[in-house]
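# A structural walkthrough
Okay, here's what each chain looks like letter by letter:
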Amino acid sequence: MNSDYEPRKIEKKWQRFWKENKVFSCERSNKRKYYVLEMFPYTSGTLHMGHIRNYTIGDVLARYKLMQGYNVLHPIGFDAFGLPAENAAIEKNIHPQKWTYDNIRVLERQLKELGLSYDWDREVITCNEDYYRWNQWFFLKFYEMGLVYRKKAPANWCPSCQTVLANEQVVNGRCYRCDTEISQKELTQWFLKITQYADELLEEIENLRNWPSTVKKMQVNWIGRSYGMEINFRLSDDLTPIPVFTTRPDTIFGATYLVLSPQHPLLEKILVRNPGIKDAVERMKKDQLKKGEVEKEGIFSGFWAINPVNQEKIPIWIANYVLMQYGTGAIMAVPAHDERDFEFAKKYGLPIRVVIRPPGSNLNEETMSQAYVEEGEMVNSAQFSGLPSEKGREEISKWMQAKGMATPKVNYKLRDWCISRQRYWGTPIPIIYCEKCGTVPVPEKDLPVLLPSDVKITGKGGSPLSRVSSFVRCRCPRCGAPARRETDTMDTFVDSSWYFLRYASKKHDCLPFDPEEVNYWMPVDQYIGGIEHAILHLLYSRFFIKALRDLGLIKVGEPFKRLLTQGMVIKDGAKMSKSKGNVVDPGEMIERFGVDTVRGFILFAAPPEVDLEWKEQGLEGINRFLRRVWRLVNEELDRSGQEKVKVRAEFLEIYRSGLKGKERILQHMVNKTIKKVTEDIEERYHFNTALSSLMELVNFLYQFPDKGTSVYREALAILVLLLSPFTPHICEELWQRMGYEESVVKQRWPSYREEFLKEDEVTVVIQVNGKLRDKICVQAGMAREEVERLALHREKIKRYTQEKKIKRIIYVPDRLVNIVVE
RNA sequence: GCGAGGGUGGCGGAAUUGGUAGACGCGCUAGACUUAGGAUCUAGUGAGGCAACUCGUGCGGGUUCAAAUCCCGCCUCUCGCACCA
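To keep things clear, this report deals only with the structure shown in the data block.

What counts as what
- Residues numbered from 1 in each chain as written.
- Chains lettered and ligands numbered in written order.
- Predicted model: local features only at pLDDT ≥ 70, side-chain atom pairs only at ≥ 80, totals over all residues.
- Heavy atoms only, no water.
- Pairing = 2+ DSSP bridges.
- Helix = DSSP H or I, 4+ residues; strand = E, 2+ residues; numbered from the N terminus.
- Axes fitted to C-alpha atoms, helices over the stretch in contact; angles between N-to-C directions.
- Parallel < 35°, antiparallel > 145°, perpendicular 65-115°, else oblique.
- Left-handed = near helix turned anticlockwise from the far one by under 90°.
- Contact = heavy atoms within 4.5 Å.
- Nonpolar A, V, L, I, M, F, W, Y, C, P; charged D, E, K, R; others polar.
- Phe/Tyr/Trp six-rings, centres within 6.5 Å; stacked < 30°, edge-to-face > 60°.
- Lys NZ or Arg CZ within 6 Å of the ring centre and 35° of its normal.
- Near = heavy atom within 4 Å.
- Polar contact = N/O pair within 3.5 Å; in protein donor to acceptor, adjacent residues only side chain to side chain.
- Core = buried A, V, L, I, M, F, W, Y, C linked by side-chain atoms within 4.5 Å.
- Buried < 20%, exposed > 50% of the residue type's maximum accessible area, 1.4 Å probe, protein only.
- Domains from an automatic or database assignment.
- Salt bridge = Lys/Arg side-chain N within 4 Å of Asp/Glu carboxyl O.
- Expected span 1.5 Å × (residues − 1).
- Arc of directions from axis to C-beta.

## Here we look at the sheet that holds strand 29 (residues 574–575)
If you walk across this open sheet you meet the 3 strands as 29-28-30, and the pairing is mixed. Of all the strands in the sheet, just strand 29 and strand 30 (612–613) have a single pairing partner and so form its edges.

## Topic: the packing of helix 22 (residues 710–723) against helix 23 (residues 728–737)
Close contact between helix 22 and helix 23 brings their axes to 9 Å; oriented N to C, the two are set at 150°. Taken together, the axes of helix 22 and helix 23 are roughly antiparallel relative to one another. Handedness of the helix 22/helix 23 crossing: left-handed. Counted together, Ala-717, Val-720, Leu-721 and Leu-723 of helix 22 and Cys-731, Leu-734 and Trp-735 of helix 23 form the full contact between these two elements. Class assignment for the residues of the contact of helix 22 with helix 23 results in 7 nonpolar, no polar and no charged.

## Remarks on the packing of aromatic side chains
Throughout the structure, instances matching the rule amount to 46 aromatic pairs. Aromatic pair Phe-138 and Phe-544: ring centres 5.7 Å apart, planes at 90°, arrangement edge-to-face. Separated by 406 residues along the polypeptide, Phe-138 in helix 5 (residues 129–145) and Phe-544 in helix 16 (residues 536–550) bring together distant segments of the chain. Aromatic side chains Phe-601 and Trp-614 sit 5.0 Å apart centroid to centroid with 80° between the ring planes, which places their arrangement in the edge-to-face category. Separated by 13 residues along the polypeptide, Phe-601 in helix 18 (residues 595–605) and Trp-614 in the loop between strand 30 and helix 19 (616–645) bring together distant segments of the chain. Here the aromatic cluster, defined as three or more aromatic residues joined through ring pairs, consists of Tyr-131, Trp-134, Trp-137, Phe-138, Phe-142, Tyr-197, Trp-417, Phe-493, Trp-498, Tyr-540, Phe-543 and Phe-544. Against the face of Trp-157 rests Lys-185, its NZ or CZ located 3.9 Å from the ring centre. Across the ring face of Tyr-321, the terminal group of Lys-296 is positioned such that the distance to the ring centre comes to 5.6 Å.

## Some points on the protein's contact with RNA strand B
Not every one of the 54 residues close to RNA strand B is listed here, only the nearest: Thr-247, Lys-296, Tyr-326, Arg-340 and Asn-818. Across the atoms of RNA strand B situated within 4 Å of the protein, the share located in sugar and phosphate is 66%. Between RNA strand B and Thr-246, the relevant distance is 3.2 Å, taken from a sugar or linking oxygen to a side-chain nitrogen or oxygen of the residue. Glu-696 is positioned such that a nitrogen or oxygen atom in its side chain is 3.3 Å from a sugar or linking oxygen of RNA strand B. At 7 residues, helix 21 (residues 687–703) tops the list of elements feeding residues into the surface near RNA strand B. Looking at side-chain class alone, the surface near RNA strand B contains 19 nonpolar, 15 polar and 20 charged residues.

## A few points about the nonpolar core
Ranked by internal contacts, the top residues of the largest apolar core, which has 189 residues, are Phe-138, Trp-417, Phe-500, Phe-544, Trp-614 and Phe-726. At 11 residues, helix 22 tops the list of elements feeding residues into this core. Taken domain by domain, the makeup of this core includes at least three residues from each of domain 1 (32–123 + 493–605) and domain 4 (619–756). With near-sequence residues (within four places) excluded, Phe-138 lies in contact with Trp-498, Pro-512, Phe-513, Phe-544, Leu-548 and Leu-553.

## Observations concerning the sheet that holds strand 6 (residues 163–165)
Adjacent strands of a sheet form backbone hydrogen bonds with each other and so pair up, either parallel or antiparallel. Overall, antiparallel pairing links the 4 strands, which are arranged 6-5-9-19 in an open sheet. The open sheet has two edge strands with one neighbour each: strand 6 and strand 19 (417–418). By the bridge criterion, 2 bridges tie strand 9 (residues 183–192) to strand 19 in an arrangement that is antiparallel. Counterpart to Leu-192 in the pairing with strand 19 is Trp-417.

## Remarks on the pairing of strand 14 (residues 313–319)
Burial analysis of strand 14 places 6 of its 7 residues in the buried class, the great majority of the element. Bridge count for strand 12 (residues 257–260) against strand 14 is 3 bridges, and the pairing is parallel. Residue pairing for strand 14: Leu-258 is matched across the bridge by Ile-316. Bridge count for strand 13 (residues 298–306) against strand 14 is 6 bridges, and the pairing is antiparallel. Along strand 14, the bridge assignment pairs Ile-299 with Ile-318. As consecutive antiparallel partners, strand 13 and strand 14 are separated by 6 residues, and within that stretch Gln-311 has a phi angle of approximately 60°, a positive value.

## A closer look at the pairing of strand 15 (residues 330–333)
A two-sided burial pattern is seen for strand 15, the buried positions comprising Ala-330 and Met-332 on one face and Ile-331 and Ala-333 on the other. As defined by bridge partners, strand 12 adjoins strand 15 across 4 bridges and the pair is classed as antiparallel. Across the sheet, the residue bridging to Val-259 is Ile-331, located in strand 15.

## Re the pattern of salt bridges
In the structure shown here, the tally under the stated rule is 57 salt bridges. Salt-bridge contacts for Asp-121 lead to Lys-22; the nearest nitrogen and oxygen are separated by 3.0 Å. In this pair, Asp-121 sits in the loop between helix 4 (96–113) and strand 4 (124–125) while Lys-22 sits in the loop between helix 1 (7–20) and strand 1 (33–38), placing the two residues 99 residues apart along the sequence. You can call Asp-121 partly exposed: its relative accessible area is 34%. When its relative accessible area of 47% is taken as the criterion, Lys-22 is described as partly exposed. Here Glu-203 ties to Arg-225 by a salt bridge, and the two come within 2.8 Å at their closest N and O atoms. Linking Glu-203 in helix 6 (residues 198–203) with Arg-225 in the loop between helix 7 (213–223) and strand 10 (226–235), this pair joins segments that are 22 residues apart in sequence. For Glu-203, a relative accessible area of 39% corresponds to the partly exposed category. One salt-bridge network, in which partners are shared between bridges, spans Glu-200, Glu-204, Arg-542, Lys-546, Arg-549, Asp-550 and Glu-558.

## Some points on unusual backbone geometry
Residue Pro-448 follows Leu-447 across a cis peptide bond; omega there is -5°. With respect to the helices and strands, Pro-448 occurs in the loop between strand 22 (438–441) and helix 12 (469–472). For the peptide bond that leads from Met-522 to Pro-523, omega is 0°, which places it in the cis range. The residue Pro-523 is located in the loop between helix 15 (515–521) and strand 26 (526–530) in this model. Within the chain, Ala-382 stands out as a residue other than glycine whose phi angle is a positive 50°. The topology assignment puts Ala-382 in the loop between strand 17 (377–378) and helix 11 (389–402). Of note, the phi angle at Tyr-685 is positive, near 60°, even though the residue is not glycine.

## Here's the deal with the side chain of Glu-788
Of note, Glu-788 is situated in helix 25 (residues 784–792). For Glu-788, a relative accessible area of 16% translates into the label buried.

## What about helix 1?
If you check helix 1, its first and last C-alpha atoms are 20 Å apart, about what 14 residues at 1.5 Å a residue would give, namely 20 Å. Looking only at helix 1, the buried set comprises Pro-7, Arg-8, Ile-10, Glu-11, Trp-14, Gln-15 and Trp-18. Angular distribution of buried residues about the axis of helix 1 spans 165°; they occupy a single face of the element. Structural note: helix 1 exposes Lys-9 and Glu-20 on the side pointing more than 90 degrees away from its buried face. Count one or two residues on from helix 1 and you reach Lys-22, which has phi positive near 45°.

Set out below in structure tokens:
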């Protein structure tokens, strides 16, 4: 019998076996389903350690659930549209399509080398015509529903990517992808009305019980719902209304000035009368494009406003700290009770008026050093003075509403999703512009609008498609007159918002998916990916699913039941990156140690949600462990011969009552390990502790004297089964060598029995005054009095209790005795 | 600034409900086998101390028979948001 562990050899063998026998292909059935999904890779470059970690975690779950008897859907595909393909075209003069497909081929090969349990028949590639045509189809459906619209608006423009970006894609004023500073550009863009779902997106977050709270919190903040009032101030000279939004109408009597955003429409009028401030306004506009907080700056507009509640005349300022995008682009400033207004008022010497008094104390406008933003008692507020601010807020709102001064208003930070991209490598937006008929959607029967292949990509001068006249020129589907096609393509986040539905229904061509299939498999039971998509992809997908539900295409309203955001793979304390030179090539590691070792290390080194420090010595540790397992099994085969080792499909000895001595201890050990591994996978995804308990079992088996018995051999078989989701190749090989014919994947996951978990003897800790002084070994379940008597008679304990009065004795059954003296 | 999550040996990390702190692995030390060992096996390994013991989970307090775990205050690190009215 060959007893060298040669990982590369057996890994190739079993990968071929899985493929040829279609071990992981799945069909809808009446079995319990389990849909495990990892975020699909973007098709640039090769796989890095982060991918490997992501897919390994998913693979453990998929294999475990298979052995648990679930009908498991575990698919993979490629996020294939996007800008890097165009950059490659510019830099290397390769067509984006060729570049993408070349990369896909490499990625496929790499993925297959990892021995992942994918159903490859369900592969989805988003740049394929049979995929992106459905993006267009959804677009048309959304258009009919009024969920998609076009408007001219200031857009986030990335000068490097030469395209606009959605709000979510701007991080600290920079492009989420290339880190270039974003500028604003007035453009006509297509938007998806995600704000229509703002309330539902927000409210359903709390039902996502198995999502990390950080991600949920981030989404809540991103949606940013706040309740308040829109109050109408007006200009003092004419009656032009100036609506402002506030969440604190209870502070309105403390409003000492008004502030307009430098982009406020009233500026037009103001600048006519007061052209001297134009430069300052322009400068403030620029300030607002900067990331982060800038020094507050403002200028008096020369105009005055009237406070509707007391007819007071207050100055109107223009300042860089008021954003046009939120609320009405104008605020009432209450410096005494708002930190920003306070800072601004101090800087410009504007009046401060206290209208909320902290409970039990007073505020002095002259001496206060910061705004008081908490609740309190209303003062200086006419008939509302004396009310608690919470109550006053309601009263004053009702009163203003009755007087027609204000209306209740809900504001969101979330804005509609801009999906237009002035790029080539994406889904063409299926719209035609006709002189006579205006904006006309491409009829469904004319889909797909194919992306032309003969395009020059230069990265300059607007959308590449606009220069392909054969694409642009078309006929109006309504009147037949010559017309022009939309040349923007869709944001690639559209592609990733529904790819998991396509997986669930292979090759359906009259609809984006077969609703029956999708209703069977959805929702995704476990989604795994990086935290960087906490907002972007995860919010867009949630929105998409809700929209498709409202279209009647699917039943579920949330796509991902449980979410795991895995930590990064770091080295020398930093994220792996080319610039730092700390990148570890997965291929090289696999070549040297084998896939099972790489997988094992990733799973063992840290729990999945925390960052993982890459240490080659750790790899050696796992490799050593696998070789120990290998040796343990092969030595047994050499000793007793293969035939004798083969045990029945049901383990009989390990579950037999009445075992004695060492066999009883082994039985206990095996049962304990089954329980531990099962619970660590099932409940906590703590694969590191699952593996450590398997290591303990292996250490135990090494020391076990009576090798060759049925109990021992069954223990080995169970070890192989328990280890198989983590390091499947070596386990398949060992399983086969043990004489089994069916793949390890097809085996039932071992179960444990409660009765064998109990220990016959337990160690009871003896403390005196809470300090550990001694330990005794007693029969499990021994009576309290008996244990206490034994404890008190120990020599070591007597030393501490002699001549002292025993106040009480705390007893925790089978664990601890604490003797409290004096 | 606001919000969230961390801080445990030389290192990665265990300790699931308050009940033996440091499982498991790495590293290290010693020994065995060996021509050899960067293979393998055995033993040891939180700190101090000859020992009995003492100290020990970021720091300081508290609750409790008992605290890494609960409470209060502080320090520090990471992440997210950053003028959202």
